[in-house]
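Structure assessment
In case you want the letters, here they are:
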Amino acid sequence: QVQLVVSGGGLVQAGDSLRLSCAVSGLTFRNYAMAWFRQAPGKEREFVAGISWGGGSTSYADSVKGRFTISRDNAKNTVYLQMNSLKPEDTAVYYCAANGVVMSGSNPDARAYDKWAQGTQVTVSS
């Protein structure tokens, strides 16, 4: 059974940092591209960052580029999202997801992902 478990959300002030972790089990983690998405109240789910199965390729939404960093530790079956210089507009529920195809690249399309974690709330106060 595939499981993705997210941790690290919380309430912070603007300018602070947070690191989200997504621990994956039940699949050969190193073979799957991973991504982070988020959904703010009243808005559609949006791509935040993605990383290829080998970790050599990453991509980011323009809104987080230069502030967020996605990384993976294949030895720990975990993908991370380091979020720096947080802004109130980063407030959302954050999800990690695993791509549905092995050995694929980073992909901003949510339809490419078929394994999702429960979300974690990130709230940034001004």
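None of these values were measured; they are calculated from a predicted model.

Before going further, it helps to examine the state of the cysteines. Applying the stated criterion to the full structure yields one disulfide. What pairs with cysteine 22 in a disulfide is cysteine 96, and their sulfur atoms sit 1.8 Å apart. One end of the pair, cysteine 22, is in strand E3 (residues 18–25); the other, cysteine 96, is in strand E9 (residues 92–102), and 74 residues separate them in sequence.

Residue position: threonine 78 is located in strand E8 (residues 78–83). Within polar-contact distance, the side chain of threonine 78 engages the backbone oxygen of lysine 76 at 2.8 Å. Residues within four places of threonine 78 in sequence aside, it is in contact with Ser21, Cys22, Ala23, Phe29, Ser71, Arg72 and Asp73.

If you trace the backbone, tryptophan 36 turns up in strand E4 (residues 32–39). Residues tryptophan 36 and valine 5, 31 residues apart in the sequence, show an inter-C-alpha distance of 12 Å.

Once that is clear, we can look at the nonpolar core. By size, the foremost hydrophobic cluster in this structure holds 32 residues, and its most contacted members are Trp36, Leu81, Met83 and Tyr94. At the level of secondary structure, the elements contributing two or more residues to this core comprise strand E1 (3–7), E3, E4, strand E5 (46–51), strand E7 (68–73), E8, E9 and strand E11 (120–125). When neighbours within four sequence positions are excluded, leucine 81 is seen to be in contact with Leu18, Arg19, Leu20, Trp36, Val48, Ala49, Phe68, Thr69, Ile70 and Tyr94. With five residues, the next largest nonpolar core counts Ala35, Phe47, Ala97 and Tyr113 among its residues.

Further remarks concern the packing of aromatic side chains. Counting across every chain of the model gives three aromatic pairs. Between phenylalanine 37 and tyrosine 113, the ring centres sit 5.5 Å apart and the planes meet at 75 degrees, which makes this aromatic pair edge-to-face. Highlighted residues: phenylalanine 37 in strand E4 and tyrosine 113 in strand E10 (residues 113–116), separated in sequence by 76 residues. Assessed through its relative accessible area of 4%, tyrosine 113 is described here as buried. Arranged with centres 5.1 Å apart and planes meeting at 50 degrees, the rings of phenylalanine 37 and tryptophan 116 form a pair that is tilted. Taken together, the residues span a long stretch of sequence, with phenylalanine 37 in strand E4 and tryptophan 116 in strand E10 at a distance of 79 residues. Given a relative accessible area of 29%, tryptophan 116 falls into the partly exposed group. A cation sits over an aromatic face here: arginine 45 above tyrosine 95, 4.0 Å from the ring centre. Against the face of tryptophan 116 rests arginine 45, its NZ or CZ located 4.7 Å from the ring centre.

The antiparallel open sheet is built from four strands, whose spatial order is E1-E3-E8-E7. The open sheet is flanked by E1 and E7, the only strands paired with a single partner. Direction aside, neighbouring strands of the sheet carry axes that sit 15 degrees apart on average. Examined bridge by bridge, E3 and E8 share six bridges and lie antiparallel to one another. Looking across to E8, one finds that alanine 23 is bridged to threonine 78.

The rules behind the values
- Residues numbered from 1 in each chain as written.
- Predicted model: local features only at pLDDT ≥ 70, side-chain atom pairs only at ≥ 80, totals over all residues.
- Heavy atoms only, no water.
- Disulfide = S-S within 2.5 Å.
- Helix = DSSP H or I, 4+ residues; strand = E, 2+ residues; numbered from the N terminus.
- Polar contact = N/O pair within 3.5 Å; in protein donor to acceptor, adjacent residues only side chain to side chain.
- Contact = heavy atoms within 4.5 Å.
- Core = buried A, V, L, I, M, F, W, Y, C linked by side-chain atoms within 4.5 Å.
- Buried < 20%, exposed > 50% of the residue type's maximum accessible area, 1.4 Å probe, protein only.
- Phe/Tyr/Trp six-rings, centres within 6.5 Å; stacked < 30°, edge-to-face > 60°.
- Lys NZ or Arg CZ within 6 Å of the ring centre and 35° of its normal.
- Pairing = 2+ DSSP bridges.
- Axes fitted to C-alpha atoms, helices over the stretch in contact; angles between N-to-C directions.

Any link to function would need more than the numbers given here.
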